[in-house]
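# Observations on the three-dimensional arrangement
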Amino acid sequence: MSNEKLKTITKILGAVLVFLAIMMLPSLAISIYNKEGQCVNAFLIVALACAIFGMAGYKFIPAKANKLKNRDGFLVVSLTWIIASLIGALPFVISGAVPSFIDAWFESVSGFTTTGATVIRDVEVLPMSILFWRSLTQWIGGLGIILLITAFLPSFGMTGQIIGIAETTGPTKEKQTSRFADTAKSLCKMYSLFTVAEFIALKLCKMSWFDSAIHTLSSISTGGFSNYNDNVGHFDSPLIYTVLFIFMIIAAANINLLFKPKRVLKYEETKFFLFLLFVGGLLVSVFNFIKGADTSFITGFFQVGSVLSTTGFVASDFNLWPSFCQFILLSMYFVGSCQDSSGTGLKPIRALVGLKLIKRSFKLKIHPNRIYRLTLDGSEIGNDVVIRITNYIFAYIGMIILGTFLLSFSDLGFTKTFTACLACLGNVGPGLDFTGYWIFTGYSKAVCMFLMLLGRLEIYTVLALFSRHYWNSNRI
């Protein structure tokens with residue numbers, strides 16, 4: 001890698017550090033207001049260090065623009081998320097809220113990737129500033145760290161195409177304006193608008209200011225962190241569940257389509273997502289009602305929506321539900337939220353195209369000489385898109401197998417191991433047959449962190465760095 005590229009990457013990472021320093025200021029203010037001495041020191045130290053080193057990299061290292069190529073985006077984005085998660089862990093450790101660094105790093109990775117898995121057995125004893133920072137990491141990660149920075153800082157030599165390929169989710173990438181920086185600003189405004197709207201709605205449900213902020217940051221990012229040990233089940237309120245449900249589904253929708261709301265329901269991916277949500281929620285609610293496991297239809301729909309949107313809020317202990325209901329939830333782990341949303345997962349659009357391919361293959365078996373066009377939203381799907389989607393589906397299945405294999409060494413039982421792999425790779429959070437990740441060993445937590453990053457950055461962005469061809473300077 002040339003010196004110019006190294007300078008440009010250093011400049012970008014410097015901007016990341018400055019951005020993280022700014023993002024820590026609300027948590028610092030909360031710690032000062034509540035007189036949380038150790039937390040004040042933790043956020044002050046980390047924020048100052050990030051600001052100093054970040055400014056040194058961003059301001060004082062000269063770098064020529066437009067020097068980075070698509071392949072360089074993989075390294076920049078991966079480094080950004082790894083560094084952000086490491087820095088995000090420091091306030092936990094320095095404040096003493098989470099003494100173990102591996103646990104603090106796990107919590108930070110879980111936050112930035114919007115997974116919502118936790119290793120903290122009793123979150124209610126944590127200082128308010130730490131709880132706020134924990135949820136804020138999800139809000140930052142929900143839209144994308146590089147995308148957020150691009151919205152407010154000049155270009156560093158990374159085009160919108162590079163960011164789109166490396167950081168945003170889904171097989172196709174849309175933008176609302178000709179310049180990606182303008183698109184990023186529009187997305188940030190939309191994201192912030194829904195954040196404010198949900199905060200107000202939860203406050204009207206008579207939640208406290210702090211509870212409203214925590215659960216707004218967690219749900220609009222499809223993250224799932226809560227400041228209560230029993231998660232949102234603490235409130236036991238159909239009204240609160242309804243508000244959270246609405247904004248979880250909004251967050252799980254393709255954010256680009258929210259700029260043209262009249263066309264939202266015309267897109268096949270959206271219709272498929274809503275179909276799964278309705279059928280899954282109905283089946284779970286009815287079966288739970290019949291079996292007497294959970295008589296609330298709202299809880300059933302909420303839990304299905306929580307898993308399908310990859311938010312991972314828990315309103316009811318679904319480990320006590322009938323096997324059929326657990327199977328429906330498990331099926332939702334394989335789908336996830338829509339492309340270009342704040343959620344992750346395999347994506348309904350990929351699942352839908354996969355089903356269309358199966359349907360076409362079946363028809364060709366019956367009528368081998370006929371030509372069947374593969375279409376989506378009225379347009380024919382190009383072969384390059386079909387190849388990308390099928391490749392990703394196989395890669396996703398491969399990572400489920402590999403992740404389950406690696407986690408199986410901890411010997412926690414197949415259900416825990418398999419669903420933990422699904423929950424981390426799909427950035428959902430909670431698994432079946434266990435309540436928290438504190439039961440996992442340090443090795444298993446490291447595997448889970450790797451799976452979370454793979455899932456959030458859509459596998460190839462991270463795995464490309466492990467290829468010897470990537471580091472071959474003779475290849476473009």
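See above for the structure.
Bear in mind the structure is a predicted one, so any value in this text is a computation, not a measurement.

### Let's talk about the packing of aromatic side chains
With the rule as written, the count across this model stands at 20 aromatic pairs. Seen from their ring centres, W139 and Y191 are 5.0 Å apart, and the 35° between their planes marks the pair as tilted. One end of the pair, W139, is in helix α6 (residues 128–143); the other, Y191, is in helix α9 (residues 180–204), with 52 residues separating them in the sequence. The same class applies to W139 and to Y191, which are both buried. Ring geometry for Y392 versus Y460: centroids 6.0 Å apart, planes at 70°, classification edge-to-face. Remark: Y460 occurs in helix α19 (residues 460–463) and Y392 occurs in helix α16 (residues 383–407); sequence separation between them is 68 residues. Judged by relative accessible area, which is 2%, Y392 ranks as buried. You can call Y460 partly exposed: its relative accessible area is 38%. In this structure an aromatic cluster arises from ring pairing among F106, F434, Y437 and F440.

### Observations concerning the side chain of T299
Inspection of the secondary structure puts T299 in helix α13 (residues 297–308). Note on T299: relative accessible area 7%, which makes it buried. Ignoring any residue separated from it by four or fewer positions in sequence, one finds T299 in contact with Y241, D294, A315, S316 and W321.

### Points about a nonpolar patch on the surface
Among the surface-exposed residues, F275, F278, V279, L282, L283, V286, F289, I290, F297 and F324 lie close enough to one another that they form a single nonpolar patch of about 880 Å² accessible area. By residue number, the principal contributor to the nonpolar patch is helix α12 (residues 268–291), which donates 8 residues.

### Considering unusual backbone geometry
Phi at T310 takes a positive value of approximately 65°, unusual for a residue other than glycine. Taking the relative accessible area as the measure of exposure, T310 reaches 1% and is therefore buried.

### Examining helix α1 (residues 3–23)
Compared with an ideal rise of 1.5 Å per residue, which puts 21 residues at 30 Å, α1 spans 30 Å between its outermost C-alpha atoms and is within 8% of the ideal. With 15 of its 21 residues buried, α1 lies for the most part within the structure.

### Thoughts on the pattern of salt bridges
Where charged atoms of side chains with opposite charge meet at close range, the side chains can pair. By the definition in use, this model includes 7 salt bridges. A salt bridge links R134 to E107; the nearest nitrogen and oxygen atoms lie 2.8 Å apart. With R134 in helix α6 and E107 in helix α5 (residues 101–112), this residue pair connects regions lying 27 residues apart in the sequence. You can call R134 buried: its relative accessible area is 2%. Assessed through its relative accessible area of 0%, E107 is described here as buried.

### A word on the state of the cysteines
One pass over the full model with this rule turns up 0 disulfides. The thiol sulfur of C39 is not disulfide-bonded, and the nearest other cysteine sulfur, from C50, lies at 16 Å. The exposure class assigned to C39 is buried, which follows from its relative accessible area of 4%. Free of any disulfide, C448 has its nearest neighbouring cysteine sulfur in C424, separated by 3.8 Å. The exposure class assigned to C448 is buried, which follows from its relative accessible area of 0%.

### Some words on the packing of α12 against helix α15 (residues 348–366)
For the pair α12 and α15, interaxial distance at closest approach is 9 Å and the crossing angle is 95°. Relative to α15, the element α12 lies roughly perpendicular. For the pair formed by α12 and α15, the contact residues are E268, E269, F272 and F273 on the first element and P348, I349, A351, L352, L355 and K356 on the second. Grouping the constituent residues of the contact of α12 with α15 by class yields 7 nonpolar, no polar and 3 charged.

### Some details on the packing of helix α4 (residues 70–94) against α6
Direction vectors running N to C along α4 and α6 enclose 170°, while the axes themselves pass 10 Å from each other. Taken together, α4 and α6 sit at an angle that is classed as roughly antiparallel. Across from W81, G88, P91 and F92 in α4, the residues of α6 making contact are I130, W133, R134 and G141. Its residues assigned to classes, the contact of α4 with α6 shows 5 nonpolar, 2 polar and 1 charged.

Scoring rules and cut-offs
Residues numbered from 1 in each chain as written. Predicted model: local features only at pLDDT ≥ 70, side-chain atom pairs only at ≥ 80, totals over all residues. Heavy atoms only, no water. Phe/Tyr/Trp six-rings, centres within 6.5 Å; stacked < 30°, edge-to-face > 60°. Helix = DSSP H or I, 4+ residues; strand = E, 2+ residues; numbered from the N terminus. Buried < 20%, exposed > 50% of the residue type's maximum accessible area, 1.4 Å probe, protein only. Contact = heavy atoms within 4.5 Å. Patch = residues over 30% accessible without salt bridge, like charges linked within 9 Å, V, L, I, M, F, W, Y side chains within 5 Å. Areas by Shrake-Rupley, 256 points an atom, 1.4 Å probe, with all protein chains shown as cover. Salt bridge = Lys/Arg side-chain N within 4 Å of Asp/Glu carboxyl O. Expected span 1.5 Å × (residues − 1). Disulfide = S-S within 2.5 Å. Axes fitted to C-alpha atoms, helices over the stretch in contact; angles between N-to-C directions. Parallel < 35°, antiparallel > 145°, perpendicular 65-115°, else oblique. Nonpolar A, V, L, I, M, F, W, Y, C, P; charged D, E, K, R; others polar.

Taken by themselves, the reported measurements are silent on function.
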